[in-house]
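Examination of the molecular architecture
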Amino acid sequence: MNICVTGGAGYIGSFIVRRLCELEHRVTVVDDLSKGHMEAVDPRAHFIQADCGDKRAMAELLAGRRIEAVVHMAASSLVGESVTAPAKYYRNNLIASLSLLDAMAEAKVSRLVFSSSAAVYGEPERQPIAEDAATVPINPYGRTKLLFEQALPDFAAAYGLGAVCLRYFNVAGALPDGTLGEDHNPESHLIPLVFQAALGLRKSITIFGDDYPTPDGTCIRDYIHVLDLADAHVLAIEAAEAGQVAAFNLGNGDGFSVRQVIESAQRVVGRPIPTEIGPRRPGDPPVLVASSEKIASQLGWDPARGDIEMILDDAWAFHQSHPKGY
Ligand code: UDP
């Protein structure tokens, strides 16, 4: 299939591109390189540096390359930043994404896989969270993802779009050989920061709040291996059905606190990692754990690398071989 991946030079996007290339799809990556890394783009893919919110350019590109499916990953994705700079999030995640849908309609591309987020749920009462839980986001990031999801049924009805929204929990890990992994600048995610502290590249890892209503007071998250996530995208592309919109959670169903992640990382590196306690980060819910039964039962998703130590082991391989990133 001819598949366009927006944000394909980013952390998650680069793994999806790699998997699609492995399966011999013809992949076009559209990335503005504002965050992504050329080094992370699979050489088998065709790379175009462009803004996926540029409707004219995207309509031409989608038609010209006979694209049959779009995997839309390009987004701003930092919860904390979305609270202080919401305009950027509405512009990049909502306005640009709607313009991409417009371009897809014009170019008659009818399959979409959208990278959504656990942040659409806010602070649900029940864990693990199923897809029919109330969607009440508590930060602008989650709101932009939800608003875009909510527009999809209208595009499905009017233009026959078939869309699958994948609501990611906490994505982590790397290729086990350490050649592809997570590198943000500046880095803000827990696992890369923990390993930077382990490598002595930063003084310590700051735990954002130890007064949450959780057993050890730190936030609980559900970590999913980026390779398992990439597999789910392949299934989602196949499942996108014209005129239909579906949403699936992607997590492992196990919650780990920030302290537990740091303890596991210490076991993986074999030495203590300096930690300190800081204030809560605005917009962080105390607990987010997925039920992924729906994607397992409906699409046959079967994660192979769900174990937290396996996720950390692979991430450690990348950080050891790329201490300063790509
Ligand atoms: N976190 C932390 N210290 C850090 C970075 C993150 O304690 O330096 C916490 C954060 O508050 C959240 C969890 O680690 O509870 C995962 O955060 P991350 O930014 O990795 O992913 P997010 O949950 O925002 O998608």
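Before reading on, note that the structure itself is shown above.
Residues numbered from 1 in each chain as written. Predicted model: local features only at pLDDT ≥ 70, side-chain atom pairs only at ≥ 80, totals over all residues. Heavy atoms only, no water.

All right, on to a negative patch on the surface then. Where like charges cluster on the molecular surface, the negative patch consists of Asp32, Asp51, Asp54 and Glu60. Looking at the element boundaries, aspartate 32 is found in the loop between β2 (26-31) and β3 (46-49). We classify aspartate 32 as partly exposed; its relative accessible area is 40%. (Patch = residues over 30% accessible without salt bridge, like charges linked within 9 Å, V, L, I, M, F, W, Y side chains within 5 Å. Areas by Shrake-Rupley, 256 points an atom, 1.4 Å probe, with all protein chains shown as cover. Salt bridge = Lys/Arg side-chain N within 4 Å of Asp/Glu carboxyl O. Lys, Arg positive; Asp, Glu negative; His and termini not counted. Charge placed at Lys NZ, Arg CZ, Asp CG, Glu CD. Helix = DSSP H or I, 4+ residues; strand = E, 2+ residues; numbered from the N terminus. Buried < 20%, exposed > 50% of the residue type's maximum accessible area, 1.4 Å probe, protein only.)

Moving on: the nonpolar core. Of all hydrophobic cores here, the largest spans 40 residues; its most connected members are Ile12, Leu166 and Leu250. Of all elements in the fold, only β1 (2-6), α1 (11-22), β2, β4 (69-72), β6 (162-168), α7 (226-239), β11 (245-250) and α9 (293-299) reach the threshold of two or more residues within this core. Beyond its immediate sequence surroundings of up to four residues, leucine 250 is in contact with Leu166, Arg167, Tyr168, Phe169, Ile224, Leu229, Ala232, Ser292, Ile295 and Trp301. Met58, Leu61, Phe114 and Phe155 belong to the second-largest nonpolar core, a separate cluster that totals 27 residues. (Core = buried A, V, L, I, M, F, W, Y, C linked by side-chain atoms within 4.5 Å. Contact = heavy atoms within 4.5 Å.)

What follows concerns the packing of helix α2 (residues 55-64) against helix α4 (residues 86-106). Closest axis-to-axis distance for the α2/α4 pair is 8 Å, and the angle between their directions is 40°. Both α2 and α4 take part in a crossing whose hand is right-handed. Residue-level inspection shows Lys55, Arg56, Met58, Ala59 and Leu62 of α2 in contact with α4, the latter providing Ser99, Leu100, Asp102, Ala103, Met104 and Glu106. In terms of residue class, the contact of α2 with α4 is built from six nonpolar, one polar and four charged. (Axes fitted to C-alpha atoms, helices over the stretch in contact; angles between N-to-C directions. Left-handed = near helix turned anticlockwise from the far one by under 90°. Nonpolar A, V, L, I, M, F, W, Y, C, P; charged D, E, K, R; others polar.)

Moving on, we get to α2. Within the span of α2, buried status applies to Met58, Ala59, Leu61 and Leu62. Buried positions in α2, seen along its axis, are confined to an arc of 170° and lie on one side of it. Opposite the buried face of α2, by more than 90 degrees, sit the exposed residues Glu60 and Gly64. Of the surrounding secondary structure, the elements contacted by the buried residues of α2 are β1, β2, β3, β4 and α4. Looking one or two residues past α2, arginine 66 carries a phi angle of roughly 50°, positive in sign. (Arc of directions from axis to C-beta.)

The two faces of β4 match: Ala69 and Val71 on one face and Val70 and His72 on the other face are all buried. Pairing between β4 and strand β5 (residues 111-117): four bridges, direction parallel. From the neighbouring strand, valine 71 faces β5, where its bridge partner is valine 113. (Pairing = 2+ DSSP bridges.)

Our next topic: the pattern of salt bridges. Counting across every chain of the model gives 16 salt bridges. Here glutamate 309 and arginine 267 are joined by a salt bridge, their closest N and O atoms 2.7 Å apart. Of the two residues, glutamate 309 is situated in helix α10 (residues 308-321) and arginine 267 in helix α8 (residues 258-269); the sequence distance between them amounts to 42 residues. Judged by relative accessible area, which is 26%, glutamate 309 ranks as partly exposed. For arginine 267, a relative accessible area of 54% translates into the label exposed. Salt bridges sharing common partners tie together Arg18, Arg19, Glu22 and Asp231.

Okay, the layout of surface pockets next. A probe matching the size of a water molecule, rolled over the atoms, marks out where space remains unfilled. In this structure, the second largest pocket spans a volume of roughly 210 Å³. Lining the second largest pocket are 14 residues, with Pro124, Glu125, Arg126, Ala133 and Ala134 positioned closest to its centre. Partitioning the lining of the second largest pocket into residue classes produces eight nonpolar, two polar and four charged. (1 Å grid on protein atoms, 1.4 Å probe; cavity = no way out; pocket = protein on both sides within 12 Å on 5 of 7 lines; lining within 4 Å. Points joined across faces, edges and corners; volume = space filled by probe spheres on them.)

Strand pairs in the sheet, formed through backbone hydrogen bonds, run parallel or antiparallel to each other. Pairing is mixed across the open sheet formed by three strands, whose spatial order is β12-β9-β14. Strands with a single pairing partner mark the edges of an open sheet, and in this sheet they are β12 (256-257) and β14 (287-288).

With that settled, consider the environment of alanine 232. For alanine 232, the position within the fold is in helix α7. Distance in space between the C-alpha atoms of alanine 232 and leucine 166 is 8.4 Å, their sequence separation being 66 residues. Apart from the residues lying within four places of it in its own chain, the contact partners of alanine 232 are Leu166, Leu250, Ile295 and Trp301.

Leu190, Thr206, Phe208, Arg281 and Asp284 are the nearest of the 15 residues found near the ligand. With respect to the ligand, the side chain of arginine 221 contributes an N or O atom lying 3.3 Å from an oxygen atom. Contacts to the ligand include aspartate 284, whose side-chain N or O atom sits 2.5 Å from an oxygen atom. For the ligand, the accessible surface in isolation is 520 Å², of which the surrounding protein chains cover 89%. Of all the secondary-structure elements, those providing two or more residues to the shell around the ligand are α6 (190-198) and β8 (205-208). With four residues, the single largest contributor to the shell around the ligand is β8. (Near = heavy atom within 4 Å. Polar contact = N/O pair within 3.5 Å; in protein donor to acceptor, adjacent residues only side chain to side chain.)

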